[in-house]
Structure formats: structure tokens, C-alpha cells
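Observations on the model geometry
Here is what each chain is made of, one letter per residue.
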Amino acid sequence: MTGWQMLLFKEVLRFWRVAAQTITGPILTALLYLLVFGQALESHVKVYDNVSYTAFLVPGLAMMSLLQNAFANSSSSLVASKVMGNLVFLLLTPLSAWHWFVAYVGAAVVRGLVVGSGVLAVSLIFAVPPLAQPVWALLFAVLGAALMGALGVVAGLWSEKFDQMAAFQNFAVMPMTFLSGVFYSIHSLPPFWQTVSHFNPFFYMIDGFRYGFFGVSDVSPWFSLGVVTVATAGVGLWALLLLRMGYKIRS
Amino acid sequence: MPAISFQSVSKSYPSPRGPQGGTFLALDDVSLAVEEGEFFGLLGPNGAGKTTLITILAGLAKASAGSVSVMGHDVQTDFAAARRALGVVPQELVFDPFFNVREALLFQSGYFGVKNNAAWVDELLDNLGLTDKANANMRALSGGMKRRVLVALALVHKPPVIVLDEPTAGVDVELRQTLWHFIAKLNKQGHTVLLTTHYLEEAEALCGRIAMLKTGKVVALDSTSALLSAASGNVLRCTVDGDLPPDLASLARVTGRVVQLPAKDAGAVEQYLAQIRQAGLQAQDIEIRRPDLEDVFLKVMQQHPGRDDRSPV
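What counts, and at which threshold
- Residues numbered from 1 in each chain as written.
- Chains lettered and ligands numbered in written order.
- Predicted model: local features only at pLDDT ≥ 70, side-chain atom pairs only at ≥ 80, totals over all residues.
- Helix = DSSP H or I, 4+ residues; strand = E, 2+ residues; numbered from the N terminus.
- Contact = placed C-beta atoms within 7 Å.
- Buried ≥ 20, exposed ≤ 12 C-beta atoms within 10 Å, placed from the backbone.
- Nonpolar A, V, L, I, M, F, W, Y, C, P; charged D, E, K, R; others polar.
- Pairing = 2+ DSSP bridges.
- Axes fitted to C-alpha atoms, helices over the stretch in contact; angles between N-to-C directions.
- Core = buried A, V, L, I, M, F, W, Y, C linked by C-beta atoms within 7 Å.
- Parallel < 35°, antiparallel > 145°, perpendicular 65-115°, else oblique.
- Left-handed = near helix turned anticlockwise from the far one by under 90°.
- pLDDT = per-residue confidence, 0-100.
- Domains from an automatic or database assignment.
- Expected span 1.5 Å × (residues − 1).
- Bend = angle between axes of the 7 residues up to and from the residue.

1. Topic: the overall build of chain B
Helices and strands together make up the secondary structure of chain B, namely 11 helices and 14 strands. Its C-alpha atoms give chain B principal-axis dimensions of roughly 70 × 50 × 35 Å. Taking the intrachain contacts of chain B between residues at least 6 apart in sequence as the baseline, contacts between residues at least 24 apart amount to 70%.

2. Things to note about the overall build of chain A
The secondary structure content of chain A amounts to 10 helices and zero strands. The N-to-C order of helical and strand elements in chain A reads α-α-α-α-α-α-α-α-α-α. Oriented by its inertia axes, the alpha-carbon framework of chain A measures out at about 60 × 35 × 35 Å. Relative to its full complement of 251 residues, chain A shows a buried share of 49%. Looking at chain A alone, contacts between residues at least 24 apart form 83% of all its contacts between residues at least 6 apart.

3. Describing the interface of chain B and chain A
On the side of chain A, 22 residues touch chain B, which itself brings 22 residues to the contact. Where the side of chain B that touches chain A is concerned, the elements lending two or more residues are α2 (79-84) and α3 (101-111) of chain B. Of the residues in the side of chain B that touches chain A, the class split is 14 nonpolar, three polar and five charged.

4. Comments concerning the sheet that holds strand β5 (residues 73-74) of chain B
Residue and element names in this part refer to chain B. The antiparallel open sheet is built from four strands, whose spatial order is β2-β1-β4-β5. Of all strands in the sheet, those with a lone pairing partner are β2 (23-34) and β5, marking the two edges. Against the sheet, helix α1 (residues 50-57) engages β1 (4-14), β2 and β4 (65-70), with an angle of about 110° to β1.

5. Quick word on the sheet that holds strand β12 (residues 253-255) of chain B
Residue and element names in this part refer to chain B. Overall, antiparallel pairing links the four strands, which are arranged β12-β13-β11-β14 in an open sheet. Here the strands that pair on one side only, and so sit at the sheet edges, are β12 and β14 (283-289). Between one strand and the next, the sheet's axes are offset by a mean angle of 20°, whatever the strand orientation. Bridging between strand β11 (residues 234-240) and β14 involves five bridges; their strand directions are antiparallel. Within the sheet, the bridge partner assigned to Val235 lies in β14 and is Arg289. Of the strands in this sheet, β11, β13 (258-263) and β14 touch helix α10 (residues 266-278), which is tilted by about 140° from β13.

6. Things to note about the nonpolar core
Most often, soluble globular proteins keep nonpolar side chains buried together rather than apart. Membership of the largest hydrophobic core comes to 152 residues, with the highest contact counts inside it found for Val153(A), Leu57(B), Ala152(B) and Val163(B). Sorting elements by how many residues they give to this core places helix α3 (residues 53-84) of chain A first, with 16 residues. Ignoring anything within four residues of it in the chain, the contact list for Val163(B) reads Ile54(B), Leu57(B), Ala58(B), Leu86(B), Gly87(B), Val88(B), Val89(B) and Leu194(B).

7. As for the packing of helix α2 (residues 19-41) of chain A against α3(A)
Residues and elements named next belong to chain A. Where α2 meets α3, the axes come as close as 10 Å, and the angle between the chain directions of the two elements is 150°. In this view, α2 runs roughly antiparallel relative to α3, as classed from their interaxial angle. As α2 runs across α3, the sense of the crossing is right-handed. Facing α2, whose interface residues are Pro26, Ala30, Tyr33, Leu34, Phe37, Gly38 and Leu41, α3 presents Tyr53, Thr54, Leu57, Val58, Leu61, Ser65 and Asn69. Here the contact of α2 with α3 is built from residues that sort into 10 nonpolar, four polar and no charged.

8. Quick word on the confidence of the model for chain B
Regions with low pLDDT should not have their predicted coordinates read in detail. The predicted model of chain B has a mean per-residue pLDDT of 90, with 96% of residues at 70 or higher. Two numbers describe this predicted complex: its pTM, 0.89, and its ipTM, 0.88.

9. As for unusual backbone geometry
Residues and elements named next belong to chain B. With phi around 50°, Met71 is a residue other than glycine that occupies positive phi space. The topology assignment puts Met71 in the loop between β4 and β5. At Glu166, a position not held by glycine, the phi torsion is positive, near 50°.

10. Notes on the environment of Met205(A)
Residue and element names in this part refer to chain A. Along the chain, Met205 falls in helix α9 (residues 201-214). Since 30 C-beta atoms lie within 10 Å of it, Met205 is described here as buried. Other than its neighbours up to four places away in sequence, Met205 contacts Met63, Leu67, Phe140, Gly144 and Val228.

11. Looking at the domain arrangement of chain B
Domain boundaries assigned for chain B yield domain 1 (4-85 + 159-228) and domain 2 (232-290). Between the C-alpha centres of domain 1 of chain B and domain 2 of chain B the distance comes to 35 Å.

12. Regarding helix α7 (residues 162-178) of chain A
Residue and element names in this part refer to chain A. Under the 1.5 Å per step criterion, the end-to-end length of α7 is 22 Å for 17 residues, consistent within 8% with the ideal 24 Å. Bending of α7 peaks at approximately 30° at the position of Gln169. Those residues of α7 lying buried are Met165, Phe168, Val173 and Thr177. Contacts made by the buried residues of α7 are with α3, α6 (134-158) and α9.

13. Focus on the environment of Met138(B)
Residues and elements named next belong to chain B. Mapped onto the secondary structure, Met138 falls in the loop between α4 (118-127) and α5 (143-155). In the structure, Met138 is positioned 78 residues away from Leu60 in sequence and 23 Å away in space, judged by C-alpha atoms. Setting aside residues no more than four positions away along its own chain, Met138 makes contact with Phe95, Asp96, Pro97, Phe99, Asn100, Val101, Ala104, Lys146 and Val149.

14. Looking at the pairing of strand β8 (residues 192-196) of chain B
All names here are of chain B. The element β8 is largely enclosed, with a buried count of five among its five residues. Residues Thr192, Leu194 and Thr196 point to one face of β8 and Val193 and Leu195 to the other, with burial holding for every one of them. With four bridges joining them, strand β3 (residues 39-43) and β8 adopt parallel strand pairing. The partner of Phe39 across the bridge, within β8, is Val193. With five bridges joining them, strand β7 (residues 161-165) and β8 adopt parallel strand pairing. Opposite Val161, over in β8, you have Thr192 as the bridge partner.

15. Quick notes on the environment of Glu201(B)
Mapped onto the elements, Glu201(B) comes out in helix α7 (residues 200-206). The spatial distance from the C-alpha of Glu201(B) to the C-alpha of Ala140(B) is 32 Å, given a sequence separation of 61 residues.

16. A look at the pairing of β4(B)
Residues and elements named next belong to chain B. When β1 meets β4, the two strands line up antiparallel, connected through five bridges. Its bridge partner being in β4, Ile4 is matched across the sheet by Val70. As consecutive antiparallel partners, β4 and β5 are separated by two residues, and within that stretch Met71 has a phi angle of approximately 50°, a positive value.

If you want it as C-alpha cells, here you go:
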């Protein structure tokens, strides 16, 4: 194993060792959303023809869990290592900024995909959404997890304490994932909020991922792919630049 | 080619105490070289800049000016090669709570690209008395055991240059002996060692050459024997029950009842003993000895009062 591969392996093992907190917990949370919202709204909301509301909800919830957990993985690992002081073991190694980036974002993608797949798997008990375009679904899942993993690197480097990290998560990541069309189609919103939603990059990740299941979406999947690709590249470059600078980790 | 080279290294930090734009000069034009195979001591009072110098060497901080290299590799422009040649034992007792000792060592080997390192990891565990703790979680270890793991982590990639930043601070006698025995063995095998410590008897016993830092500047740099032989006169050591008169107290090293006074000649010894008697005290266990490194250190520090005027600049 080369240096970055070992770091990637260690980062995957880190979340795997506490799977109850990092995998099972988020799956259970998504399941509860599905139960509550599915039961409450099944007979009141119809988004797409021939698709039950619960089935509509499944891909969105899976993607939301995937995005939140990808972010949580890289950000919490970096902040915990900074607060505990053990980041010094990595700082002393010959690993380059690129190696750090690939390992932290790679582990975030793995956790995001594991949690997202887990949510999909347990959701099958309640509804079986079609998988019309699996390649599109996989593409958006990987890109979305990479985007959030890179954003987690940025947040992890920026945060000096756990509460700063929590603020980033609670005031930026959570609202943007919740208001991205997980529980509804943006066509059901008033025009003003439809416009606002178009400025939320999370909307394109959810909408594109859902296209992979139903073959229909609020906006063109190609447009969503463009937005998500540009956002992933932008945030990825930002994270890479901060790592190269040693932002808040080297003085 | 020196194993470690500092050339005109300065480091300044923004100073919260100074006016806008003020800086604190932690290192001021430091130049020194450590040759291959040396056991080199870096001494100085707290805040002298020892750890700053080591953090720059390790790539944890960037010098504001000057250059630093390890085995000829610049620590900034050729950082990967420089870090492969360097093993650093940090001062802080830090650990990763997710993994056990063996896992931590194998991960660290992997980061350096060292494959199939189990045999060397076992040797490290054995030499540092950690074999029975190999599968223990880092959280479960005592402070002394954690310190041993830090040493093992620094050596896992067999670096030719080893840096120990106050490795024996707050550790028991057994660990000190285990550690020094192992480090001395590595030094004999050709590893270069750079040590910072506040235990001057350790530095005197181990280091062939010593640099003393004060307020970010090198104030002494010579072989240990030259530093000791340059110290003129002797030291009067005795025990005294009671407080010394103020004029003697200002000259003395006092540790509990033990008083040590620098004495140029026999006349000075007689004078000190007379002053102690006149103060109504009795000197016991009297001995005259050669100055040790602590005497030299105190003298050097007094010769360079070094008003700490580094902030703001």
C-alpha cells in the first residue's frame, strides 16, 4: 500500500470501527423520516404519475443521508485530529496535499455510498422505486459524495473546535440539504421559492440522483450534471488549495 | 553534508500585544549545523525558541527567513525527502484513540510508504518495552507508555535523523533509562540525534555538542567538553539549614538544603564558608567539584541577559 492508500484505509477503518454511530444511526434516522413522512403524506401528495409518495421519497432520503455523511466523515475526522493533536502524525509524513485530499475525500465517498446504499436497502421494505437510469444515479451519488467530502475538508480545516464544526453543519449543510427537494418537487413551490431553489446546489444533486430512479426530473439531468460537476471541481480546488497552504494546520 | 542545517533562520509571529502590524520574533537569524552521526543538544530556557526551531525542521511551521535542510533536502522545496529522513518525537502526549499500538505503528509505516514493516515494528516494541501493550488501545496506556509509543512512531520508518523534543519531561526513571539506552544504541549505529531537554545532566551525559538558545538567538555553540572546560574555577557544594545571606543567595544555585556556589579559588571557598558562619548557619557535607553543564548553562544565560524585547518589533 502506498502512503495515500494507507491513509484512505485508515480513514475508512476509523468510521467502520464506530459503525453504530456512522452507518447504522444515519440509516435509522432516514428510515424514521420515511415512516413518518411516508405515512402522513402518502395519500395527500402525488409528485409523479404512477409513483407513490413513499417511493418518491426514497431516492431523495438516500441522497440526503449520503451527502450529510460524506460531509461528516472528512470534517469530523479532521477536527477531531486537530483537537486531539494527533494530526501531527500526518503532518510529519511525506504525504502531499493531493494525497491528503484523495484519502479524505475518498473515505468520505465510501461512507456516503455505504450509508446511501443502506438507506436504499432498508427502504425497499416500504417501497421499491424503479431504477430507470442506474448510471445517472451512480454518477450523481459519487459526484455528490465527493463534493461533500471536499466541503468537509474545507470545514474541518477551518474549524478549530467542535462547536464551529457543528455550526457549519447545522446552519449550512442541514438547511441546504433539507431545502433541496428531498420531500417535494420544487414545482409544488411558489415561484419565488422555486427561483431560490435553483441557487441551491444540493437541489441539483438530489434532482439528478432522482432522475436515475424515475427517468424524470425537475430540471434537465445534463444541466444538473453540469452544475454538480462545476461545484465539485470548485470546492475540490478550494480544499486542495487550503491543504497545500497548510491552512490552520501548519503555521 | 550536514545531517541538519539551519541557515539564517528567523521566525516571527503576529503579536497580539503589539500595535497593529506588530510581530513577535521567536527566532532571530539562527545558523547551526548538525553533522551526521552526532548526538546534538539544543538547550535553552522556556520560550527560547527550541520548539519553534524543531517545528520548522519538521515542516510544521514555515521559517519567515532563511533555509533549513535535512540530509541535504530542503524542508520546504523537497519536503517529502526531508521528512523521510527525519523522525520527530513531539513534546505533547498525543494519540489516536481509534486504534491500538500496533495498528498506529503500521499506519505510520504506510504513510511513509514502508511496506512489510512488521519485523521492525516488533523490534521497536521490544526495545521500548511495549511488546505486551501492542494490542492495547492507545487510550488505555499510561503517560509513560504513550511517550514510548511516540518514540516508536518517530522511528517506524528508520529515519537517519532523530529529533527528540523534551522526551523525558515528566516520565519515570525506568523509561528514561530504556529510552536513552535505545537512542544511544541507534546513535552508535549512525543515526544523528537532536535532543532538546531541560534535564542538563542528561544533555551532559549524552550530547557531544550543544547549542544554547536564548530569546531566539544562539548564545553558545560548542562541544560539551569545550563548554565544560571553558568554565573557570570550581563549585563549592554544601548543605545549609536556613536562608543564605542575600549577597550569597544571589550567586548560589539552591535546591532545598543544597547550596552550590561558583568558587574561583580556595580563597573564595574560605570567604563563602565564613559568610555562612557569620550568618549563624552551619555548612555541612562540604565538597568542591568541577562545574557541570548546569553551572555553564546558568553562566551563559547570565552573560546574555537578553532583555526580551522581541515584541513588538
